[in-house]
Amino acid sequence: MKMNSKKLLPIIIGAVVLLVLPFLAQMITGNDYWVLILCTMLIYVIAVSGLDILFGYSGQISLGHASFYVIAAYTTGLLNNYFNIPLIITIPCGAIFAAILGAALAYPASRLKFHFLSLATVAFGEITYYFLYTSPGGFTNDYKGINIRTISFLGGSYTRWYFWLLLWAIVFVVAKIFIVNSRTGRAFIAIRENTHAADGMGVNVQKYKILAFAISAFYVGFAGTMYAHLYKYISPETARQKQSVLFLTMMLFGGSGSIVGSMIGVVIIEILLELIRPLQEYQMLLYGILLLIVIIALPGGIVGGVRDVMADRAKRKLQKEEEGGAQNG
């Protein structure tokens, strides 16, 4: 009972913080700008959690995930704009279409090695960008992008948007927990650790690689639909590699193969981006520096670094206890 109370307390504190955060941001700044940033963070939590399922758990790299993000956004926007289909239908359609394209890309790409797979996803991202930039008949409005309607019951209230996105972020994170702890998640991890060994154990490697891609694309696609309706605009520029690198940097900096790592990476990097907003042309430089930090100093990201420190402390404590026991003996 005591242990349960200790586990429950951080959850209660975290829930209270999340509930009061938008009101606190408004009170401190006197406007809604940081509430909008919080909304963007929640969207990125969904997207980066999806990328982590692909990279952190199944060991597949993607440098073109922004393409699924923008494809889903265009899908919901165009269906609503041209055919006046309700958003309750267009939003899941966008995410499902992204998942279908993810599976279609993964089918041939699942046989590729790590670096060739990353190049294939880069190529897919560039194809998406140029298709949207100069679409047949100009149905995507080409380089100008498209204006998209917001979700009516949320309107222009960023506080309402915050709680709406918080709900969906919780749903997707909980779903991720169930996925990674299921038989499917164990298959993903087996593939990540050793593809040949996983195949030898009876895991259908190609099937699970495709499934990981589809789930990941669905997550990122749903995030893209929310981004489009929140900002009421989307353009082909969002499909560029810069957005994909942002997702990857957030995931690696927080810690891949971790539930909380994605969230930590999103929060820290989004705050850093806001602090250097006047120097937007240096954003890619920031991503490069952060990736170098991860590669050299924190290969497991912040979460991995914390785990290493805790493991080191536990090891030292055990050594002291053994030395003390030997002296007493």
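Residues numbered from 1 in each chain as written. Predicted model: local features only at pLDDT ≥ 70, side-chain atom pairs only at ≥ 80, totals over all residues. Heavy atoms only, no water.

Engineer: Looking at this structure, I do not really get the packing of helix α7 (residues 183-193) against helix α9 (residues 205-231). What am I missing?
Structural biologist: Packed helices, taken two at a time, are described by the angle their axes make and the gap between the axes. It is at 10 Å that the axes of α7 and α9 come closest, and there the two elements cross at 110 degrees. The orientation of α7 with respect to α9, classified from their angle, is roughly perpendicular. Of the residues in α9, those touching α7 at Thr184, Ala187, Phe188 and Ile191 are Val205, Tyr208, Lys209, Leu211, Ala212 and Ile215. (Axes fitted to C-alpha atoms, helices over the stretch in contact; angles between N-to-C directions. Helix = DSSP H or I, 4+ residues; strand = E, 2+ residues; numbered from the N terminus. Parallel < 35°, antiparallel > 145°, perpendicular 65-115°, else oblique. Contact = heavy atoms within 4.5 Å.)

Engineer: Please clarify how unusual backbone geometry should be interpreted in this entry.
Structural biologist: With a phi close to 65 degrees, Asn141 is a non-glycine residue in the positive phi region. Look at Asp142: it is not a glycine, yet its phi comes out positive at around 50 degrees. In this structure, Asp142 sits in the loop between α5 (114-133) and β1 (146-147).

Engineer: Honestly, the side chain of Ser118 in this entry has me stumped. Any pointers?
Structural biologist: Within the secondary structure layout, Ser118 lies in helix α5. Setting aside anything within four residues of it in sequence, one finds Ser118 in contact with Ile61 and Leu63.

Engineer: Please clarify how helix α12 (residues 283-296) should be interpreted in this entry.
Structural biologist: A turn of α-helix holds 3.6 residues, and therefore any two residues three or four places apart point the same way. Taking 1.5 Å per residue, 14 residues should reach 20 Å; α12 reaches 20 Å between its end C-alpha atoms and fits that length. Listed in full, the buried residues belonging to α12 are Gln283, Leu286, Tyr287, Leu290 and Val294. Seen along its axis, α12 keeps its buried residues to an arc of 100 degrees; they face one direction. Within α12, the exposed residues directed more than 90 degrees away from the buried face are Leu285, Leu292, Ile295 and Ile296. Of the surrounding elements, those touching the buried residues of α12 are α10 (241-254) and α11 (259-275). (Expected span 1.5 Å × (residues − 1). Buried < 20%, exposed > 50% of the residue type's maximum accessible area, 1.4 Å probe, protein only. Arc of directions from axis to C-beta.)

Engineer: Mind showing me how you'd approach the side chain of Gln60 here?
Structural biologist: Mapped onto the elements, Gln60 comes out in the loop between α2 (33-57) and α3 (66-83). Within the local environment of Gln60, its side chain forms a polar contact with the backbone oxygen of Lys209, the two atoms lying 3.2 Å apart. Residues within four places of Gln60 in sequence aside, it is in contact with Leu54, Phe55, Leu117, Lys209, Ala212 and Phe213. (Polar contact = N/O pair within 3.5 Å; in protein donor to acceptor, adjacent residues only side chain to side chain.)

Engineer: Would you mind going over the packing of helix α4 (residues 87-109) against α9 with me for this structure?
Structural biologist: Running from N to C, α4 and α9 cross one another at 145 degrees; their axes reach a closest spacing of 7 Å. Every pair of crossing elements has a handedness; the one defined by α4 and α9 is right-handed. From α4, Leu87, Ile91, Gly94, Ala95, Ile96, Ala98, Ala99, Gly102, Ala103, Leu105, Ala106 and Tyr107 reach across to α9, where they touch Gln206, Lys209, Ile210, Phe213, Ala214, Ala217, Phe218, Gly221, Phe222, Thr225, Met226 and His229. By residue class, the composition of the contact of α4 with α9 is 17 nonpolar, six polar and one charged. (Left-handed = near helix turned anticlockwise from the far one by under 90°. Nonpolar A, V, L, I, M, F, W, Y, C, P; charged D, E, K, R; others polar.)

Engineer: Hey, could you run me through a nonpolar patch on the surface in this one?
Structural biologist: On the surface, Leu8, Ile11, Ile12, Val16, Leu19 and Val20 cluster together to form a nonpolar patch covering roughly 540 Å² of accessible area. Here Leu19 is to be found in helix α1 (residues 2-29). For Leu19, a relative accessible area of 47% translates into the label partly exposed. (Patch = residues over 30% accessible without salt bridge, like charges linked within 9 Å, V, L, I, M, F, W, Y side chains within 5 Å. Areas by Shrake-Rupley, 256 points an atom, 1.4 Å probe, with all protein chains shown as cover. Salt bridge = Lys/Arg side-chain N within 4 Å of Asp/Glu carboxyl O.)

Engineer: Can you walk me through the pattern of salt bridges in this structure?
Structural biologist: Pairing between side chains of opposite charge can happen when their charged atoms approach one another. By the definition in use, this model includes five salt bridges. A salt bridge links Arg277 to Glu274, with the shortest nitrogen-to-oxygen separation between them at 2.6 Å. For Arg277, a relative accessible area of 36% corresponds to the partly exposed category. Asp312 is the partner of Arg316 in a salt bridge, and the nearest nitrogen-oxygen pair spans 3.3 Å. Taken together, the residues span about one helical turn, with Arg316 and Asp312 both in helix α13 (residues 301-328) at a distance of four residues. Note on Arg316: relative accessible area 53%, which makes it exposed. Its relative accessible area of 33% is what places Asp312 among the partly exposed residues.

Engineer: Mind showing me how you'd approach α3 here?
Structural biologist: Look at α3: 25 Å from first C-alpha to last across 18 residues, which is about the 26 Å you get at 1.5 Å a residue. Once α3 ends, the next one or two residues include Asn84, with phi positive near 55 degrees.

Engineer: I tried to follow the packing of aromatic side chains on my own but got confused; where do I start?
Structural biologist: Each pair of aromatic rings is reported with the distance of its centres and the angle of its planes. Counting across every chain of the model gives 21 aromatic pairs. Taking the centre distance of 4.9 Å and the plane angle of 75 degrees together, the rings of Tyr129 and Tyr130 count as edge-to-face. Measuring from centroid to centroid gives 6.2 Å for Phe188 and Tyr208, while their planes differ by 80 degrees, and the two rings are edge-to-face. Residue Phe188 is found in helix α7, and its partner Tyr208 is found in helix α9; the two are separated by 20 residues along the sequence. Taken individually, Phe188 and Tyr208 each receive the classification buried, so the pair is uniform in this respect. Here the aromatic residues Phe153, Trp164, Trp168, Phe172, Phe218, Tyr219 and Phe222 are joined through ring pairs into a cluster of three or more. (Phe/Tyr/Trp six-rings, centres within 6.5 Å; stacked < 30°, edge-to-face > 60°.)

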